[in-house]
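Reading the structure
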Amino acid sequence: MGAINQLSLEIPPTGRVFSIITEDPRAPLHWLALLKHEYGISTSIYTRLSPQRLAKHINLNSTEFHWLSESNDEYSLTPSLERIHHSISTRISTDSGIVWIDAIEYLISRQGFDAFLSFTRSLSDELSATGWTLILPLSPLSLENTQLAHIRREASTIDIGQI
């Protein structure tokens, strides 16, 4: 059985925040690429991967993405929770789709866990009346057990199958 047959290609419900618990937070990008290909879902990706590295996982020609970096690059976005929040708030005001943030551990190390949790709660409130879904792939090894429990409370875990 091929990897594609083992993935769950169900579209997550809109207006909610979900987490994907995985040892490799980059691996679920394959699932996102398949969802985008199969259903034509709009995506907005916030990542620590440079555009060159991200392109190895997903077609960037039809994907809105932001490289969370201090670099002076056309795709970079300063990795502050305020700037990311503003960018996401602006994006979810129209259309529908998936917002993907795969730099959770990085953002927590820069801004602190409590600030990240408040950021997630605020986005959850904003998403509730939209056609957008926020997905947070993360490694359970990068967080303390209580932190992981808090994130799971705010962002229900979805199972995307084996990659």
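Residues numbered from 1 in each chain as written. Predicted model: local features only at pLDDT ≥ 70, side-chain atom pairs only at ≥ 80, totals over all residues. Heavy atoms only, no water.

**Considering the packing of helix 4 (residues 81–91) against helix 6 (residues 113–127)**
Packed helices, taken two at a time, are described by their axes: the angle between them and the distance between them. The cut-off we apply is this: In this description, a line fitted to the C-alpha atoms serves as the axis of each element, helices being fitted only across the stretch in contact, and the angle between N-to-C directions of two axes falls anywhere from 0 to 180 degrees. Runs of H or I in DSSP of at least four residues are treated as helices and runs of E of at least two as strands, each being numbered from the N terminus. Roughly parallel covers angles under 35 degrees, roughly antiparallel covers those over 145, roughly perpendicular covers 65 to 115, and oblique covers all other angles. Should any heavy atoms of two residues lie within 4.5 Å, those residues are considered in contact. Residues are grouped as follows: Ala, Val, Leu, Ile, Met, Phe, Trp, Tyr, Cys and Pro are nonpolar; Asp, Glu, Lys and Arg are charged; every other residue, Gly included, is polar.
Orientation of helix 4 relative to helix 6, taken along the N-to-C sense of each, is 10°, at an axis distance of 11 Å. Between helix 4 and helix 6, the angle falls in the class roughly parallel. Side by side, helix 4 and helix 6 meet where Leu81, Ile84, His85, Ile88 and Ser89 of the first sit next to Ala115, Phe116, Phe119, Ser122, Leu123 and Glu126 of the second. Tallied by class, the residues present in the contact of helix 4 with helix 6 amount to seven nonpolar, three polar and one charged.

**A few points about helix 2 (residues 29–39)**
Since the α-helix advances by 3.6 residues per turn, residues separated by three or four positions end up pointing in the same direction. Rules: Only protein chains enter the accessibility calculation, which uses a 1.4 Å probe; a residue is then buried when its area is under 20% of its type maximum, exposed when over 50%, and partly exposed in between.
All buried positions along helix 2 are accounted for by Leu29, Trp31, Leu32, Ala33, Leu34, Leu35 and Lys36. Residue Gly40 follows helix 2 closely and has a positive phi angle near 65°.

**Things to note about unusual backbone geometry**
The phi angle at Asp95 is positive, at roughly 60°, despite the residue not being glycine. Along the chain, the position of Asp95 falls in the loop between helix 4 and strand 5 (96–101).

**Re the sheet that holds strand 5**
Our working rule: Here, any two strands with at least 2 DSSP bridges between them count as paired.
With parallel pairing, the seven strands of this open sheet are ordered in space as 4-3-2-5-6-1-7. The open sheet has two free edges, formed respectively by strand 4 (76–77) and strand 7 (156–157), since each of these has just one partner strand. Helix-sheet contacts for helix 2 involve strand 1 (17–21), strand 2 (43–47), strand 5 and strand 6 (131–138), and the interaxial angle to strand 5 is about 165°.

**Remarks on the confidence of the model for the chain**
Here is the rule: pLDDT measures the predictor's confidence residue by residue and takes values from 0 up to 100.
With 93% of its residues at a pLDDT of 70 or more, the chain has an overall mean of 90. Ranking the helices and strands of the chain by mean pLDDT puts helix 4 first, with 97, and helix 1 (residues 3–6) last, with 47. Below a pLDDT of 50 lies the segment residues 1–5, which in the model reaches four contacts outside its immediate sequence neighbourhood of four places, other chains included.

**Re the environment of Pro12**
Mapped onto the elements of the fold, Pro12 is located in the loop between helix 1 and strand 1. Take Pro12: its relative accessible area is 7%, and that puts it in the buried class. For the pair Pro12 and Ala33, spaced 21 residues apart in the sequence, the C-alpha separation amounts to 14 Å. Not counting the four nearest positions on each side in its chain, Pro12 is found in contact with Phe18, Trp31, Leu35, Ile98, Thr133, Ile135 and Ile158.

**Some thoughts on the side chain of Ser87**
Mapping Ser87 onto the fold places it in helix 4. Accessibility expressed as a relative area gives 15% for Ser87, which makes it buried. Discounting residues that sit within four places of it in the chain, Ser87 has contacts with Tyr46, His66 and Leu77.

**Thoughts on the side chain of Asp102**
The line we're drawing: Any N or O atom pair separated by 3.5 Å or less is treated as a polar contact, with the protein-specific requirement of one donor-capable and one acceptor-capable atom, and with residues adjacent in sequence counted only for side-chain atom pairs.
Mapped onto the fold, Asp102 is located in the loop between strand 5 and helix 5 (104–111). For Asp102, a relative accessible area of 2% gives the class buried. Separated by 2.7 Å, the side chains of Asp102 and Thr47 make a polar contact.

**Details of the packing of aromatic side chains**
Test applied: For this analysis, a ring pair means two rings from Phe, Tyr or Trp (six-membered ring only for Trp) whose centres lie within 6.5 Å, classed as stacked if their planes differ by under 30 degrees, edge-to-face if by over 60, and tilted for the remaining angles. Here, a charge over a ring means that NZ of Lys or CZ of Arg falls within 6 Å of the ring centre while also lying within 35 degrees of the ring normal.
Counted by the stated rule, this structure contains three aromatic pairs. Between the aromatic rings of Trp31 and Trp100, the centroid separation amounts to 6.3 Å while the plane-to-plane angle is 35°, which identifies the pairing as tilted. Taken together, the residues Trp31 in helix 2 and Trp100 in strand 5 connect sequence positions 69 residues apart. Grouping residues by exposure puts Trp31 and Trp100 together as buried. Positioned over the ring face of Tyr106 is Arg48, at 4.2 Å from the centre of the ring.

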